[in-house]
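In case you want the letters, here they are:
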Amino acid sequence: MSDQEKAALTATADEWNVAMCSNDAERIGDFMADDWVIVSESGVSTKAEFLGFVASGDLTHSAMDRVGNARVRFFGDVALFTTRITNTAHYDGRQYDADEWTTDVFARREGRWRCVLSHITPAVEAKIEDAEP
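Residues numbered from 1 in each chain as written. Predicted model: local features only at pLDDT ≥ 70, side-chain atom pairs only at ≥ 80, totals over all residues. Heavy atoms only, no water.

J.: I would appreciate a short explanation of the sheet that holds strand E3 (residues 59-75) in the present structure.
T.: Two orientations exist for strands paired in a sheet by backbone hydrogen bonds: parallel and antiparallel. With mixed pairing, six strands are arranged side by side in an open sheet as E2-E1-E6-E5-E4-E3. Both edges of this open sheet fall to strand E2 (43-46) and E3, since each of them pairs with a single strand only. Neighbour-to-neighbour, the strand axes of the sheet open up by a mean angle of 20°, direction not taken into account. As paired elements, strand E1 (residues 32-40) and E2 share four bridges and run antiparallel to each other. (Pairing = 2+ DSSP bridges. Helix = DSSP H or I, 4+ residues; strand = E, 2+ residues; numbered from the N terminus. Axes fitted to C-alpha atoms, helices over the stretch in contact; angles between N-to-C directions.)

J.: Sorry if this is basic, but what is going on with the pairing of E3 here?
T.: One face of the sheet, then the other: side chains in a regular strand alternate in exactly this way. Bridge count between E3 and strand E4 (residues 78-91): 13 bridges; the pairing is antiparallel. Each bridged residue has a counterpart across the sheet, and for Val72 the counterpart in E4 is Phe81.

J.: Explain the nonpolar core here, please?
T.: A general trend in soluble globular proteins is that nonpolar side chains are found buried together. Core analysis: the largest hydrophobic core is formed by 26 residues, its most contacted members being Leu9, Trp16, Ile28, Met32, Trp36, Phe50 and Phe106. At five residues, the largest contribution of residues to this core is made by helix H1 (residues 3-22). The residues touching Phe50, leaving out its near neighbours within four places in the chain, are Met20, Ile28, Met32, Trp36 and Leu59. (Core = buried A, V, L, I, M, F, W, Y, C linked by side-chain atoms within 4.5 Å. Buried < 20%, exposed > 50% of the residue type's maximum accessible area, 1.4 Å probe, protein only. Contact = heavy atoms within 4.5 Å.)

J.: Honestly, the side chain of Arg114 in this entry has me stumped. Any pointers?
T.: Summarising the element assignment, Arg114 is placed in strand E6 (residues 112-122). Ignoring anything within four residues of it in the chain, the contact list for Arg114 reads Asp30, Phe31, Met32, Ala33, Val105, Phe106, Ala107 and Arg109.

J.: Explain the packing of aromatic side chains to me, please; I cannot follow it from the model alone.
T.: Geometry of an aromatic ring pair is reported as the spacing of the ring centres plus the angle between the planes. A complete count under the given rule lists seven aromatic pairs for this structure. Centre to centre, the rings of Trp16 and Phe106 are 6.2 Å apart; their planes meet at 75°, and the pair counts as edge-to-face. Separated by 90 residues along the polypeptide, Trp16 in helix H1 and Phe106 in strand E5 (residues 94-109) bring together distant segments of the chain. For Phe106, a relative accessible area of 0% corresponds to the buried category. Where Trp36 meets Phe50, the ring centres are 5.5 Å apart and the plane angle is 65°; that geometry is what we call edge-to-face. One end of the pair, Trp36, is in strand E1; the other, Phe50, is in helix H3 (residues 47-56), and 14 residues separate them in sequence. Feature note: the residues Trp16, Phe31, Trp36, Phe50, Phe81 and Phe106 constitute an aromatic cluster, connected by ring pairs. In this arrangement the basic side chain of Arg112 is found over the ring face of Phe31, its NZ or CZ atom lying 5.9 Å from the centre. (Phe/Tyr/Trp six-rings, centres within 6.5 Å; stacked < 30°, edge-to-face > 60°. Lys NZ or Arg CZ within 6 Å of the ring centre and 35° of its normal.)

It is worth stressing that arrangement in space is one thing and function is another; only the former is reported here.
Below you can see the structure in the form of structure tokens.
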């Protein structure tokens, strides 16, 4: 795919991050396919479950920032978008600051890219042990 198509998908992902911080379930959901799921260390959640938490106000985001450049790969009408994200979420009255690697799988549907799957994993700093001489 062209650099222009990569830029367009990156812009869509960045707009989704802005929508997440709006805490507007309908606006966030507009970036997701109906069958979207998120996979994290706590398991798999559906679009309805995730947006239900947002709509209730139990889950909010005050920051959602992409760190560095994303890796974008296209496979016809499917695209993989991998990047590092830092975010601040609030759930059930508690603040959670996260630094995560994310992979979003987008599918071209109804003429636009919609996310069908998000996978997140915590980012960790590499530790270099002192080597014995």
